Amino acid sequence: MTTAGAATPQALAATRRITGVALASVGGVAVAVQSRINGELGVRLADGFAAAVVSFGIGLTVLLVLVPATPGGRRGLVALRAALGAGALRPWQCLGGVCGAFLVATQGLTIGSLGVAVFTVAVVAGQSGSSLAVDRAGIGPTGRQAVTRQRLAGAVLTVLAVGLAVGDRLGDPGTLGLALLPLLAGVGIAWQQAVNGRVRAAADSALTATLVNFTVGTVALLVAFAIDIAVRGWPTGHPPTEPWLYLGGPIGIVFIAIAAAIVRFTGVLLLGLATIAGQIVGAVLLDLVLPTAASHPGVNTLLGAALTMVAVLITAVAPPVRRRPPAGSPGDHQAGVSG
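Keep in mind it's a predicted model, so treat the numbers as computed, not measured.

Engineer: Let's hear about the overall build of the protein: which residues, and what values?
Structural biologist: Of the regular secondary structure elements, the protein holds 11 helices and 0 strands. N-terminal to C-terminal, the α/β element order of the protein is α-α-α-α-α-α-α-α-α-α-α. A buried classification covers 51% of the 339 residues belonging to the protein. Taking the contacts inside the protein whose residues are at least 6 apart along the sequence as the reference set, 86% of them involve residues at least 24 apart. If you sum the accessible surface of the protein, you get close to 14,600 Å²; carbon and sulfur atoms cover 72% of it.

Engineer: Just give me the short version of the side chain of T275, but keep the residues and values in it.
Structural biologist: Note on placement: T275 falls in helix α9 (residues 248-289). With near-sequence residues (within four places) excluded, T275 lies in contact with A24, G28, Q193 and F255.

Engineer: Summarise helix α3 (residues 71-86); cite the residues concerned and give the values.
Structural biologist: With 16 residues, α3 should cover 22 Å at 1.5 Å per step; its first-to-last C-alpha distance of 23 Å lies within 8% of that length. Every buried residue belonging to α3 is among G73, G76, L80 and A83, and all of these are buried. Buried residues in α3, looked at end-on, bunch into an arc of 85°, giving them a common side. Exposed residues lying more than 90 degrees from the buried face of α3 are R75, V78, R81, G85 and A86. G87 sits one or two residues past α3 and shows a positive phi near 85°.

Each value, and the rule that gives it
Residues numbered from 1 in each chain as written. Predicted model: local features only at pLDDT ≥ 70, side-chain atom pairs only at ≥ 80, totals over all residues. Heavy atoms only, no water. Helix = DSSP H or I, 4+ residues; strand = E, 2+ residues; numbered from the N terminus. Buried < 20%, exposed > 50% of the residue type's maximum accessible area, 1.4 Å probe, protein only. Contact = heavy atoms within 4.5 Å. Areas by Shrake-Rupley, 256 points an atom, 1.4 Å probe, with all protein chains shown as cover. Expected span 1.5 Å × (residues − 1). Arc of directions from axis to C-beta.

In short, the description is geometric, and any link to function would need to be established separately.
What follows is the structure, given as structure tokens:
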């Protein structure tokens, strides 16, 4: 009886972790689709910052209607204000949207030249190493997690897999230079996922955490866009008429909400790797089904996508790492509560 009772929490934790991996992979596919949409929007508007403002602005508008209209959203706003007032949540932990804004801006600025595949490998390279560091520092709601051999192997294998998938596109020095922007965006993603998880824990609402992310991101993008206009002038492109080019923001809502909800079960590294797997699969499918001049998936691309899934599996089956949440962090206490 005691053995069965002791095994139940472990089985529940494993189920949550596996479910989290599956949801994160779906979120990764959504990011690949969002990248294609925002990249095309940036080309049509002839300005990546303008495309990012449109994407984030639409997402923020949806959330400003949705969050106050739902009981959970309203409770989340009250809880968030209380957590900030009590010091349980630090103001800097609400700034994850800045990194999300930078990622969306790089989509509009670089994908037209790089393509989704090369953009993805640059993001992955930054995200994998940063996820290890963020987990080790205990920035996320799961607290500090050791860099075990299995977790390190999963991260390294992911980078190698994505390199294999798009290696034939990395020989151009100009491409490598432009890829620095999504590389830096990838570094920021891990930190964004970690602090958004903190906000979700404090508010007990993934929707509220997503609203905070989009509010901060939109403000950051408006400042960047104003500077862009002052330096280069008003965008020379024209708003496209196709409705699907305005879906980047709503897709971002889904991704941010999923990540904020499940990071407490997966940790930042596993969440990042599962998202990467979804991104690779999504990028390959997009290049196959809706090819562009910059996309030409071959055998290496398919092998790299498969190897990425293996890397995620290696990390997913790793035994849970015993960790001690940072002192004085109510979010870590809430992280163990289903919500």
